[in-house]
Amino acid sequence: MRLGSGTFAACCVVVEVLGVVLFLRGFFPAPVRSSSSSKHQAEPPAPEPSAGASSNWTKLPPPLFSKVVIVLIDALRDDFVFGSKGVKFMPYTTYLVEKGASHSFVAEAKPPTVTMPRIKALMTGSVPGFIDVVMNLNSPALLEDNVITQAKAAGKRIISYGDETWVKLFPKHFVEYDGTTSFFVSDYTEVDENVTRHLDKVLKRGDWDVLILHYLGLDHIGHVSGPSSPLIGRKLSEMDGVLMKIHTALLSEERETLLPSLLVLCGDHGMSETGGHGASSTEEVSTPLLLVSSAFERKPGDIRHPKHVQQTDLAATLAIGLGLPIPKNSVGHLLFPAIEGKPMREQLRFLHLNTVQLTKLLQENVPSYEKEPGFEQFKISERLHGNWIRLYLEENNSEVLFNLGTKVRRQYLDALKTLSLSLSRQVAQYDVYSMVVGTVVVLEVLTLLLLSIPQALSSKAELEVPLLSPVFSLLFYLTFLVLSAVHVIVCTSTESSCYLCSLSWLTAGGVMVLVSALLCAVVSALTKVLVRGKLLSKNAAHSNSRWSELDLLILLGTLGHVLSLGASSFIEEEHQTWYFLVSTLCLALCHDIYRNYLPGDDCEPQRCLHVEGGFDGATPALQDKNTSSAVLELNRGCKSPSSLGTLRGYEKWMVLASPWVILTCCRLLRSLNQTGVQWAHRPDLGHWLTSSDHKAALSVLAALSLAVIFALIQRRCSPASKVAMALGLLGVYCYRAAIGNVLFPWQQDNKDISKGILEARFVYVFVLGILFTGTKDLLKSQVVAAGFTVKTVGLWELYSGFVLLAALLLRPHNLPVLVLSLLIQTLMAKFVWKPLRHDVAKVTVMHYWFGQAFFYFQGNSNNIATVDISAGFVGLDTYVEIPAIFLTAFATYAGPVLWASHLVSFLSSEASSSSALSHAGFCYALIGSFPVSAYIILVTSLRYHLFIWSVFSPKLLYEGMHLLITAAVCVFFTAMDQTNTKS
């Protein structure tokens, strides 16, 4: 079966996406879990230890608090409460921390620092899987044992107001609730007012036991404006007033109850210096935890500094406080200050219950648990505890009893800390079988692409895939039988859960068929390469072609980038790698231009250069005439003599100056957004522009950027699209003015701030209009005589629509990124690629490199915190999942998408070869697949690395998304190539 290069590449990348998905399913496994029933059946609590004497305490201790109020402020950073901002904007909370009846802690949140996994950690005490960062968009019901489910089973009445994630995680658990969406980040007032408006009534009522208030406004301000916004102080003051109202009401009610109440102030995660969250920086993982109760009265002079604890410790503390069993999967330990005012026997009973729970979890997840230090400490603690009980029952008060009790308590605390640390490190059990199968699929695809290079880049741009040959069929059936046997053996012998084994036999058989077919295709391609090896070597021996500096740079740069992904520091600062590569590429192009302009030894130019005229397709120099296969190499020949004098004045100087102009643009862009980890905190031009003191400068820059965008885009648009582009860009400025980012000339200050929904939708109309016009032209090109001209205009209009959408979604200070991207594309197209007659492969690689560099020029990094989710709600008045995901993804990957769409437009209009798009699709698939395949191998070997979840795992998700974009680009290349074939 014969396939075009582009079609073959698109199919390969789609299959590779399936392999990556399977690998991710195995790599992001289920966290440590108890093997007990998930239905939370009540188990009798462990009895109190005894040594020779019988203890009558076999039930759970009674609750310590009559009511519990949990105030969770989304993205509340520890320094917002314990730092200077807390002193300035939260005076009542500061009083409680410094002088009130409270205990304060800095609770560390494990990555991913997004809301849903953090709520899980707070209520279950377990460490959620990293893949929960994806599930955060649509939280499923929580089936794991947790404090909320235990409280409901015990007859506690629970009320929840705020983030609807609670309602999704705990359906039918609340006697009353009012959920608000957590993703509509443009709203930071109503989303909190909808919570506070219930307070006056519910605090006067006595028909509840647990009240949960989840405030989202602070998080939304951070996403839109960052932690330095003046809105942060106002929101903190608002939250301080809420805390004072709740605390006052609880104190007045305690006079009528026997037990005190507990007020918990906490954050689910912190906030990075750019306002995002999701990664593992100190600002994102450090959250305040404040326990306020009249039971925590402090003596004069008692100074309590915030202690560092784990966020998972809250679940055990809440369970003990409410008189509930500790969740089975909790890896946290009881916060001892919450019980230190109780009698010694109660303290030891609480600590014993927590230690027994952790020991059971250790036994179920660690085969050699008896050798664990925490287990040995537990046994010693339990034996000493039994001795203390015997002594306690014999004589109630003595110094010996007190000293022994203090020793037992200290032993329990050490055992709890050791057990908790050991279980936290045992965070996951990898599904190795799924990982192996996914890796095999990915490597088979990459190998197939590499072996297919000679055929795919030949002049015919076609490949022969021997799917129906007898040899292929025999090898396929043998491979399929072997893989099926392995599958049966693995699924019947493994004790841990395995995703592939949970699939139906039909689905699992489909995976085996795919692996077998790919293996046979690889063997067939390898055979062809070996058979033709002698012919290729003979041809190469008679050729005087050699690799240029640009060829070596592309090869070594690609390999160097892939190898750099094995180091955590290089992943954190990957933007530096791409900045170096594109800068070096500019210098190599400069050298290439000057070498070809300056005369050689024979006083003639070493190569002909043309500014006007067609662009050469992929016409490799090393080609076997008998086999029609090709080696990827530049065409060194000149069709006609040329010299420097044949170029007009400005064109000559523009060709000579273009690499330096591009290099200067890249240097300016590096100063706009600091990204990565090491230097992300340093001030940059973007921070200067977004500060409220420089709004006028940002307004001027945004207006000029939009004007330049129009000037660079309109030159090849149809008249109707030019008008739509002009009005659309005007609408972009109006939208930014409406939401308060920029000013109109007649405005002194934008006091009337809105959500800009009408203005954004106005722009969307023109975006859709331009895209519709481009699509219409592409369809029209199939039936009219002048199809080529109509098609090139249609592709440019599609590209223009993407540019307009990017201008709307990117923040105003990032509009210069879009401007310089368009400028570099214009310079490269007219004064680099066309004069130097680079082949399709090189042009494709350069587009890919610049696309990756502009991903980081936007301010992105391999940190989840840098994803600007506010872009997903431009023009939306409520949360709609699919549009929000699409807009967020487009805004994040605007750089790679725009450079890929420009590549299609450029090759369609300039390439002289009909197979140029097919060659480009293959090259794009190859260079996009190579880093993903290599990174999967690297991350598998490093899966027990210290930074696997904080550094390597987020990068793995980014690589998966890059591969998805590569697949979409290759499919688009294939579609455009098919239109070329038909026309």
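The shown structure was predicted, so the numbers you read here are calculated from the model rather than taken from an experiment.

*Asks:* Quick question: what am I supposed to make of the pattern of salt bridges here?
*Replies:* When the charged atoms of two side chains with opposite charge come close together, those side chains can pair. Summed over all chains, the structure comprises 22 salt bridges. The partner of Lys67 in a salt bridge is Glu253, and the shortest N-O contact between them spans 3.7 Å. Highlighted residues: Lys67 in the loop between helix H1 (5-27) and strand E2 (68-73) and Glu253 in helix H12 (residues 230-254), separated in sequence by 186 residues. In this pair, the class of Lys67 matches that of Glu253, namely buried.

*Asks:* Sorry if this is basic, but what is going on with the packing of aromatic side chains here?
*Replies:* Given two aromatic rings, their pairing is described by the distance between the two centres and the angle made by the two planes. Applying the stated criterion to the full structure yields 26 aromatic pairs. Residues Trp796 and Tyr799 carry aromatic rings whose centres are separated by 5.0 Å and whose planes lie at 50 degrees to one another, so their mutual orientation is tilted. Taken together, the residues span about one helical turn, with Trp796 and Tyr799 both in helix H32 (residues 787-809) at a distance of three residues. Of the two residues examined, Trp796 and Tyr799, each falls in the buried class. Consider the rings of Phe855 and Tyr893, whose centres lie 5.2 Å apart with planes at 25 degrees: the pair is stacked. Of this pair, Phe855 sits in helix H34 (residues 840-857) while Tyr893 sits in the loop between helix H35 (881-892) and helix H36 (894-910), and the two are 38 residues apart along the sequence. By the burial criterion, Phe855 is buried, and Tyr893 matches it. Counting every residue linked through ring pairs, the aromatic cluster contains Trp578, Tyr848, Trp849, Tyr924 and Phe973. Seen from the ring of Trp208, Lys67 lies directly overhead, with NZ or CZ sitting 4.1 Å from the centre.

*Asks:* I keep staring at helix H29 (residues 695-713) and nothing clicks. Help me out?
*Replies:* Residues that lie three or four places apart on an α-helix share one face, since the helix turns once every 3.6 residues. Taking 1.5 Å per residue as the helical rise, H29 with its 19 residues ought to reach 27 Å, and the 27 Å between its terminal C-alpha atoms agrees with that figure. Turning to H29, its buried residues number three or more, namely Lys695, Leu698, Ser699, Ala702, Ser705, Leu706, Ile709, Leu712 and Ile713. The buried residues of H29 occupy an angular sector of 160 degrees when projected down its axis, which confines them to one face.

*Asks:* Just checking my understanding: could you explain the sheet that holds strand E9 (residues 307-310) for this structure?
*Replies:* Consider a sheet: its strands pair through backbone hydrogen bonds, and that pairing is either parallel or antiparallel. Pairing is mixed in the open sheet, where eight strands are placed in the order E5-E4-E6-E2-E7-E8-E3-E9. The outermost strands of the open sheet, each flanked by one partner alone, are strand E5 (176-180) and E9. The average angle at which neighbouring strand axes cross in this sheet is 15 degrees, direction not considered.

*Asks:* Got a minute to help me understand the nonpolar core in this structure?
*Replies:* Generally speaking, nonpolar side chains in soluble globular proteins are found buried as a group. In terms of nonpolar packing, the biggest core is built from 106 residues, with Trp849 and Phe850 touching the most fellow members. Top contributing element to this core by residue count: helix H33 (residues 815-836), with 14 residues. Not counting the four nearest positions on each side in its chain, Phe850 is found in contact with Val582, Leu585, Cys586, Ile662, Cys666, Ile824, Met828 and Trp899.

*Asks:* I would appreciate a short explanation of a nonpolar patch on the surface in the present structure.
*Replies:* Nonpolar side chains collect at one region of the surface, where Trp547, Leu552, Leu555, Leu556 and Leu559 lie side by side and expose about 460 Å² of accessible area between them. Along the chain, Trp547 falls in the loop between helix H23 (533-541) and helix H24 (549-564).

*Asks:* Would you mind showing me how to read the side chain of Glu372 here?
*Replies:* Relative to the helices and strands, Glu372 resides in the loop between helix H15 (344-365) and helix H16 (373-394). Among the polar contacts listed, one links the side chain of Glu372 to the side chain of Ser422, at a separation of 3.1 Å. Those residues within four positions of Glu372 in sequence are excluded, and the remaining contacts are Leu362, Val366 and Ser422.

*Asks:* I would appreciate a short explanation of the state of the cysteines in the present structure.
*Replies:* Should the sulfur atoms of two cysteines be covalently bonded, the bond is a disulfide. Per the stated rule, a full pass over the model turns up one disulfide. Paired by a disulfide, Cys491 and Cys501 hold their sulfur atoms 2.1 Å apart. One quick way to see it: the torsion about the S-S bond of Cys491 and Cys501 is about -85 degrees, and its sign makes the bridge left-handed. One end of the pair, Cys491, is in helix H20 (residues 470-493); the other, Cys501, is in helix H21 (residues 499-502), and ten residues separate them in sequence. Counting only cysteine sulfurs, Cys666 is the nearest neighbor of Cys586, a cysteine outside any disulfide, at a range of 5.0 Å. Look at Cys586 and you get buried, because its relative accessible area is 2%.

*Asks:* Looking at this structure, how should I read the environment of His813?
*Replies:* The topology assignment puts His813 in the loop between H32 and H33. Taking the C-alpha atoms as reference points, His813 and Ser705, separated by 108 residues in sequence, lie 9.7 Å from one another. Ignoring sequence-local partners within four residues, the contact set of His813 consists of Leu672, Asn673, Gly686, Leu689, Thr690 and Leu698. Within the structure, the side chain of His813 is placed 3.2 Å from the side chain of Asn673, a separation counted as a polar contact.

*Asks:* Looking at this structure, I do not really get the packing of H24 against H34. What am I missing?
*Replies:* Any two packed helices are characterised by how steeply their axes cross, that is the angle between the axes, and by the distance between the axes. Following both chains from N to C, one finds H24 and H34 inclined at 45 degrees, their axes separated by 11 Å at the closest point. Between H24 and H34, the crossing angle belongs to the class labelled oblique. By crossing handedness, the relation of H24 to H34 is classed as left-handed. Contact residues: Leu550, Asp551, Leu553, Ile554, Gly557 and Thr558 in H24; Lys842, Val845, Met846 and Trp849 in H34. Its residues placed into classes, the contact of H24 with H34 shows six nonpolar, two polar and two charged.

*Asks:* Sorry if this is basic, but what is going on with the packing of helix H26 (residues 574-597) against H34 here?
*Replies:* Relative to each other, H26 and H34 sit at 135 degrees, their axes nearing to 9 Å. Between H26 and H34, the interaxial angle falls into the category oblique. Here H26 runs over H34; the crossing is left-handed. From H26, Glu574, His575, Trp578, Tyr579, Leu581, Val582, Leu585, Cys586 and Leu589 reach across to H34, where they touch Met846, Tyr848, Trp849, Phe850, Gln852, Ala853, Tyr856 and Phe857. Among the residues making up the contact of H26 with H34, the classes are represented as 14 nonpolar, two polar and one charged.

Thresholds, definitions, all that
- Residues numbered from 1 in each chain as written.
- Predicted model: local features only at pLDDT ≥ 70, side-chain atom pairs only at ≥ 80, totals over all residues.
- Heavy atoms only, no water.
- Salt bridge = Lys/Arg side-chain N within 4 Å of Asp/Glu carboxyl O.
- Helix = DSSP H or I, 4+ residues; strand = E, 2+ residues; numbered from the N terminus.
- Buried < 20%, exposed > 50% of the residue type's maximum accessible area, 1.4 Å probe, protein only.
- Phe/Tyr/Trp six-rings, centres within 6.5 Å; stacked < 30°, edge-to-face > 60°.
- Lys NZ or Arg CZ within 6 Å of the ring centre and 35° of its normal.
- Expected span 1.5 Å × (residues − 1).
- Arc of directions from axis to C-beta.
- Pairing = 2+ DSSP bridges.
- Axes fitted to C-alpha atoms, helices over the stretch in contact; angles between N-to-C directions.
- Core = buried A, V, L, I, M, F, W, Y, C linked by side-chain atoms within 4.5 Å.
- Contact = heavy atoms within 4.5 Å.
- Patch = residues over 30% accessible without salt bridge, like charges linked within 9 Å, V, L, I, M, F, W, Y side chains within 5 Å.
- Areas by Shrake-Rupley, 256 points an atom, 1.4 Å probe, with all protein chains shown as cover.
- Polar contact = N/O pair within 3.5 Å; in protein donor to acceptor, adjacent residues only side chain to side chain.
- Disulfide = S-S within 2.5 Å.
- Parallel < 35°, antiparallel > 145°, perpendicular 65-115°, else oblique.
- Left-handed = near helix turned anticlockwise from the far one by under 90°.
- Nonpolar A, V, L, I, M, F, W, Y, C, P; charged D, E, K, R; others polar.

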